[in-house]
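# Architecture at a glance
If you want the building blocks of each chain, they are given just below.
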Amino acid sequence: MNNAAVTQPFWRAYQALLKDVVLPYQWDALHDKLPDAEKSYAVRNMRIAAGLEEGPFAGMVFQDSDLYKWIEAAAHTLRDKPDAALQAQVDQLIDTMEKAQRPDGYLNSFYIINGLDKRFTNLRECHELYCLGHMVEAAVAYYDATGKSRLLDIACRFVALVDTIFGTEPGQLPGYPGHQVLELALVKLYAVTKNERHLKLAQYFLDQRGREPNYFREEWEKLGRVGHWNRYDRADIDPRYNQAHLPVREQTEAVGHAVRAVYMYAGMAAVARETGDESLMAACRTLFRNIAEKQLYITGGIGQTRYGEAFTFDYDLPGDTVYAETCASIGLVFFARELLLFEHDARYADILETALYNTVIAGMARDGKHFFYVNPLETWPEANLKNPARHHVKPERQAWFGCSCCPPNVARLLASLGQYIYTARDNTLFVDLYIGSRIEAELSGGRLVLSQTTEYPWDGTVTLRVESDAEGTVALRLPGWCEGYAVTVNGADCAGTVKSGYLHITRAWKAGDTVSLTLPMRVKFMRAHEAVRAEAGRVAVTRGPLVYCLEQTDNGDNLSRLAVSPDVPPQYSFEPALLGGVGVIRCAGVRGADDDARLYHEYAPGRETPAELVFVPYFAWGNRGLGEMAVWVRYR
């Protein structure tokens, strides 16, 4: 993995916000110091488990994971810029964890407080292995950033215990995580420790999943059909929710809880990369295509229903009752990235980019203190308040949540953004994302130092400057949204070779060489597949990697009355004073007018008036007060 230093103002602003606002705010949230937000209890629970406080466990069963994700975000921030005070905060949490860890390596505050005799008895619901996965990821990141191994040692001790408990040998439990993420985390741990047992444990969890007899069903029967969340007798449980309905290599459609699914798929791709398991990678390709071609919102959101926070079925993509959890799009980024690390195909990077620039950064307000759990494509505040079927859709970001998995997840992804821009493989440096940055990559033909400057996503001009002598290939992604491109090397036209959506330029590079890439950006009016019934007769406005939306602030109330005129050329302008500086698209259209007070009456043509429709980037919506929002709009 190549970590680049991010230099572009667009993204540096986010990383500065993380360090100065987001991490301190979330530190206070984890310590229950936010007066107008739901309590976290995460640090309190760990302190009780460590014997430093007294009291019962509080909050969600997986509350430890929020603490671990915050540590990971802090670690990536420390790698970018050392900070003694922030490092001291992390070390303080590690001290508490070290005191809480049991002699055999076990560490989970819920079971330490409520009874260790019950540990590993409800894998389906109680998230012990999920929490361990996030602990491992935090430990790897902190070790990588600081060289300190205490947290890594804590995580390795717990993993060693898990390795003895789970397996197919006599006396072992043939189980696997109810909420996936440990599979991917173990591959990351293996990359650091080179301990084959870590990789083999990840393989075991994937290979064991979905086998008959179904472990989760048997576990549920042993518990007397009484679960942690639903304490009543049901006829059966649905293993599709946990992606345990089939062996992973036989799964062809994304089903069940969306976050669990993409975390697992990312783990599958990571294991396939490390082991060369082509059958596992073939399943990943199939699952990716199902998501990208049939179950993906235009904003990069996934998970259509609040029931189980889950996928539903192909082409079912309602925008007003959508779930599209922020964590699910973050998991999709992880999945796409792991696929890229296995094989470079621009389709993976296109989806990664779509999710990142739209749903992921929409998940956090520009103040760094308010967050979306659900990411709708349409809001009507009165309906969201008064219609129970829409209560899960919040028209305003929240200060914190009882289940606050998303805020620290956004923080850790944005803090680690430098790991997603480039990939070095053999003698090729792939430019996966167009983000101003500097990279030092070790290629087989020498050490290639490269700096990238761009105003992307507002402008499609990218300049790469070579700062070292090296022989090799620079491969530039040609985004799927782009129609045509132009590229020069030192001012001269360069043809290159296109492979799987990347333009490969091979030469003996010299310090001072300059590559200029131009990706024309034009406003597009996008239609959905005819099977997407929710968006029939409507279009979405896009430009480059960004999806745009209407807001009530700019367009008045009852956005459903508006219709855009795609045949009239739209006008794009960058407005530095708006929302911290964003591109705005103005389109011709009409506004329906009807002053008839009757509930129903005969249609009469000609009652529409011309209107200018103002579209702003979807990621920036909801930062100017309460109001309606719509991505999809009628056209005429």
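Everything below is about the structure printed above this text.
Residues numbered from 1 in each chain as written. Predicted model: local features only at pLDDT ≥ 70, side-chain atom pairs only at ≥ 80, totals over all residues. Heavy atoms only, no water.

## Let's talk about the overall build of the protein
Of regular secondary structure, the protein possesses 18 helices and 22 strands. Overall size of the protein, expressed as C-alpha extent along the three principal axes, is 75 × 70 × 50 Å. Split into buried and exposed, the 636 residues of the protein put 59% on the buried side. Partitioning the contacts of the protein with sequence separation of at least 6, the portion at a separation of at least 24 is 69%. (Helix = DSSP H or I, 4+ residues; strand = E, 2+ residues; numbered from the N terminus. Buried < 20%, exposed > 50% of the residue type's maximum accessible area, 1.4 Å probe, protein only. Contact = heavy atoms within 4.5 Å.)

## Comments concerning the nonpolar core
One finds Trp 11 and Leu 476 to be the most contacted residues of the largest nonpolar core, which totals 226 residues. For this core, the leading source of residues is helix H12 (residues 258–275), giving 13 residues. Here Trp 11 is in contact with Val 6, Leu 356, Tyr 357, Ile 361, Leu 414, Leu 417 and Ile 435, once residues within four sequence places are set aside. (Core = buried A, V, L, I, M, F, W, Y, C linked by side-chain atoms within 4.5 Å.)

## Details of the sheet that holds strand S9 (residues 486–489)
For sheets, the rule is that strands pair by backbone hydrogen bonds, running either parallel or antiparallel. A sheet is described by the order of its strands in space; here 7 strands give the open sequence S1-S5-S6-S7-S13-S9-S10, paired in antiparallel fashion. Looking at which strands have only one partner, the edges of the open sheet turn out to be strand S1 (5–6) and strand S10 (492–493). For S1 and strand S5 (residues 437–443), the ladder comprises 2 bridges, and the chain directions are antiparallel. Bridge pairing in S5 links Ala 5 to Arg 438. (Pairing = 2+ DSSP bridges.)

## Section: unusual backbone geometry
Omega for the peptide link from Glu 212 to Pro 213 comes to 0°, which places this bond in the cis form. Secondary-structure assignment places Pro 213 in the loop between helix H10 (196–208) and helix H11 (215–222). The residue after Tyr 456, namely Pro 457, is reached through a cis peptide bond having omega 10°. Structurally, Pro 457 can be placed in the loop between strand S6 (446–454) and strand S7 (461–466). In this structure, His 127 is a non-glycine residue whose phi angle is positive, near 65°. By the secondary structure assignment, His 127 is in the loop between helix H6 (123–126) and helix H7 (128–146). Of note, the phi angle at Gln 243 is positive, near 55°, even though the residue is not glycine. By the element assignment, Gln 243 lies in the loop between H11 and H12.

## Examining the packing of aromatic side chains
What the rule picks out here adds up to 34 aromatic pairs. Here the aromatic residues Phe 10, Trp 11, Tyr 14, Tyr 357, Tyr 434, Tyr 456, Trp 458, Trp 481, Phe 574 and Phe 619 are joined through ring pairs into a cluster of three or more. The ring of Phe 334 carries the charged tip of Lys 188 above its face, separated from the ring centre by 5.8 Å. Residue placement shows Arg 543 over the ring face of Tyr 572; its charged tip is 3.6 Å from the ring centre. (Phe/Tyr/Trp six-rings, centres within 6.5 Å; stacked < 30°, edge-to-face > 60°. Lys NZ or Arg CZ within 6 Å of the ring centre and 35° of its normal.)

## Looking at the pattern of salt bridges
Within the structure shown, the criterion is met by 44 salt bridges. Close ionic contact of Arg 249 with Asp 277 constitutes a salt bridge, the shortest N to O distance being 2.6 Å. Of the two residues, Arg 249 is situated in the loop between H11 and H12 and Asp 277 in the loop between H12 and helix H13 (278–294); the sequence distance between them amounts to 28 residues. Judged by its relative accessible area of 33%, Arg 249 is partly exposed. The residue Glu 338 makes a salt bridge to Arg 273 at a minimum N-O spacing of 2.4 Å. Here Arg 273 lies in helix H12 and Glu 338 lies in helix H14 (residues 326–342), a separation of 65 residues in the sequence. Put simply, Arg 438, Glu 440, Glu 442, Arg 447 and Glu 467 are held in one network by salt bridges that share partners. (Salt bridge = Lys/Arg side-chain N within 4 Å of Asp/Glu carboxyl O.)

## Looking at H14
If you check H14, its first and last C-alpha atoms are 25 Å apart, about what 17 residues at 1.5 Å a residue would give, namely 24 Å. Most of H14 sits out of view: 16 of its 17 residues are buried. (Expected span 1.5 Å × (residues − 1).)

## Details of the sheet that holds strand S3 (residues 422–425)
Here 5 strands make up an open sheet; going across it, the order is S3-S4-S8-S12-S11 and the pairing mixed. The open sheet has two free edges, formed respectively by S3 and strand S11 (497–499), since each of these has just one partner strand. Strand-to-strand twist across the sheet, computed as the mean angle between neighbouring axes with direction ignored, equals 25°. The pairing of strand S8 (residues 470–477) with strand S12 (residues 502–509) spans 8 bridges and is classified as antiparallel. (Axes fitted to C-alpha atoms, helices over the stretch in contact; angles between N-to-C directions.)

## Let's talk about the packing of H12 against H13
It is at 9 Å that the axes of H12 and H13 come closest, and there the two elements cross at 145°. The handedness of the crossing between H12 and H13 comes out as left-handed. From H12, Val 262, Tyr 265, Met 268, Ala 269, Val 271 and Ala 272 reach across to H13, where they touch Leu 280, Met 281, Ala 283, Cys 284, Leu 287 and Ile 291. When its residues are assigned to classes, the contact of H12 with H13 shows 12 nonpolar, no polar and no charged. (Left-handed = near helix turned anticlockwise from the far one by under 90°. Nonpolar A, V, L, I, M, F, W, Y, C, P; charged D, E, K, R; others polar.)

## Section: the pairing of S5
With burial as the criterion, only one face of S5 is covered, namely that bearing Ser 437, Ile 439, Ala 441 and Leu 443; the residues Arg 438, Glu 440 and Glu 442 on the opposite face remain uncovered. Bridging between S5 and S6 involves 7 bridges; their strand directions are antiparallel. Within S6, the residue paired with Arg 438 across the bridge is Ser 451. Here S5 hands over to S6 after 2 residues, the two strands then running antiparallel side by side.

## Let's talk about helix H2 (residues 42–49)
Here H2 lies mainly inside the structure; 6 of its 8 residues are buried. Packed against the buried residues of H2 are helix H1 (9–30), helix H3 (64–80), helix H4 (84–100) and helix H5 (109–114).

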